[in-house]
Amino acid sequence: MKKEKYMSWHTYFMSIAILSSFRSKDRKTQNGACIVDANKKIIGIGYNGLPRGCDDNDADYWADNDEDALKSKHSYVVHAEKNAIYNCMAHDMSGATMYMTQFPCNTCAQAIIQVGIKSIIYSTRKDHHTESNQAVEKMFADAGVNAKSYLEYEATDSNFIDSLDQLKSIYK
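Rules used in this analysis
- Residues numbered from 1 in each chain as written.
- Predicted model: local features only at pLDDT ≥ 70, side-chain atom pairs only at ≥ 80, totals over all residues.
- Heavy atoms only, no water.
- Helix = DSSP H or I, 4+ residues; strand = E, 2+ residues; numbered from the N terminus.
- Contact = heavy atoms within 4.5 Å.
- Pairing = 2+ DSSP bridges.
- Axes fitted to C-alpha atoms, helices over the stretch in contact; angles between N-to-C directions.
- Buried < 20%, exposed > 50% of the residue type's maximum accessible area, 1.4 Å probe, protein only.
- Phe/Tyr/Trp six-rings, centres within 6.5 Å; stacked < 30°, edge-to-face > 60°.
- Parallel < 35°, antiparallel > 145°, perpendicular 65-115°, else oblique.
- Right-handed = clockwise from strand over helix to strand, strands pointing away.
- Salt bridge = Lys/Arg side-chain N within 4 Å of Asp/Glu carboxyl O.
- Nonpolar A, V, L, I, M, F, W, Y, C, P; charged D, E, K, R; others polar.

Bringing the side chain of Ser20 into the picture now. As for its position among the elements, Ser20 is in helix α1 (residues 9-21). Setting aside anything within four residues of it in sequence, one finds Ser20 in contact with Gly32, Ala33, Ile45, Gly46 and Tyr47.

Here is the structure:
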């Protein structure tokens, strides 16, 4: 008898986060997030993009000049984690888990803590953001938020995530 193979929950939810990231028009960094409640029900998804009403075809919003706030995407872009939270405000997020393509920045970590999310699972981490990462880790530790890399789960089907990540180059 042939054994059926099923996708693990972690791979399934991380896949949703990665697929959501494909919607981002950021040529440099495409991030996605997926919020899941205790019953394994998806209650919110998001990707890094512009606030509602802003034309995401306007190249000025996506400029990479961090020396000039008016010409820096960082002045305009809403991070995937916050978009996922904003997209599920009608749901109770207490005790939820957020899957994300990248370890969160400090302001996203603050939002995660404020809405009661208790676990995050991330795919990648910008190691050159050492101090920012340490600040996030401190806040998470104090607030009781468990943060783990997807790789720590040793999912037997993680090759699917690798395949999705490789597809991202098509959508940049």
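Think of a sheet as strands paired side by side through backbone hydrogen bonds, with each pair either parallel or antiparallel. Strand order in the open sheet formed by five strands is β2-β1-β3-β4-β5, with mixed pairing between adjacent strands. Looking at which strands have only one partner, the edges of the open sheet turn out to be β2 (42-47) and β5 (146-149). In this sheet, adjacent strand axes meet at a mean angle of 15 degrees when their direction is disregarded. Summarising the sheet, strand β3 (residues 97-102) and strand β4 (residues 119-124) pair through five bridges and their orientation is parallel. Across the sheet, residue Gln102 finds its bridge partner in β4, namely Thr124.

Below, the discussion takes up the pairing of strand β1 (residues 32-36). When you tally the buried positions in β1, you get five out of five residues, the bulk of the element. Burial along β1 is two-sided: the residues Gly32, Cys34 and Val36 and Ala33 and Ile35 are all buried. Where β1 and β2 come together, five bridges link them in antiparallel fashion. Bridged to Ala33 within β2 is Gly46. In sequence, β1 turns back onto β2 through a hairpin of five residues, with Lys40 there showing a positive phi of about 65 degrees. Where β1 and β3 come together, four bridges link them in antiparallel fashion.

Another aspect to go through is the packing of aromatic side chains. Summed over the entire model, instances satisfying the criterion amount to six aromatic pairs. Judged by centre distance (5.4 Å) and plane angle (45 degrees), the rings of Phe13 and Tyr99 are tilted. Here Phe13, found in helix α1, pairs with Tyr99, found in strand β3; they are 86 residues apart in sequence, far enough to count as distant. Per residue, the accessibility class of Phe13 equals that of Tyr99, and both read buried. An aromatic cluster is present here, built from Trp9, Tyr12, Phe13 and Tyr99 joined pairwise through their rings.

Turning to the packing of α1 against helix α5 (residues 159-167), a few remarks are in order. Orientation of α1 relative to α5, taken along the N-to-C sense of each, is 5 degrees, at an axis distance of 10 Å. Of the possible angle classes, the one that applies to α1 and α5 is roughly parallel. Note on element contacts: α5 touches α1 through Phe160, Ile161, Leu164 and Asp165, opposite Thr11, Met14, Ser15, Ile18 and Leu19.

What follows covers the pairing of β5. Inspection of the sheet shows β4 paired to β5 by four bridges, in the parallel sense. The residue bridging Ser119 from the neighbouring strand is Asn146, located in β5. Considered for its hand, the β-α-β crossover made up of β4, helix α4 (residues 130-143) and β5 is right-handed.

Going through the model one piece at a time under the given rule, you end up with seven salt bridges. Its salt-bridge partner being Asp56, residue Lys25 comes within 3.3 Å of it at the nearest N-O pair. Taken together, the positions of Lys25 in the loop between α1 and β1 and Asp56 in the loop between β2 and α2 (80-86) put the pair 31 residues apart, joining distant regions of the chain. When its relative accessible area of 27% is taken as the criterion, Asp56 is described as partly exposed. Here Glu137 makes a salt bridge to Arg125, at a shortest N to O gap of 2.3 Å. One end of the pair, Glu137, is in helix α4; the other, Arg125, is in the loop between β4 and α4, with twelve residues separating them in the sequence.

This part is about the packing of helix α3 (residues 106-114) against α4. Packing of α3 against α4 brings their axes to within 9 Å, and their N-to-C directions diverge by 10 degrees. When the interaxial angle is binned, α3 and α4 end up roughly parallel. Contacts between α3 and α4 involve Asn106, Ala109, Gln110, Ile112 and Ile113 from the former and Ser132, Val136, Met139, Phe140 and Ala143 from the latter. A class-by-class count of the residues in the contact of α3 with α4 yields seven nonpolar, three polar and no charged.

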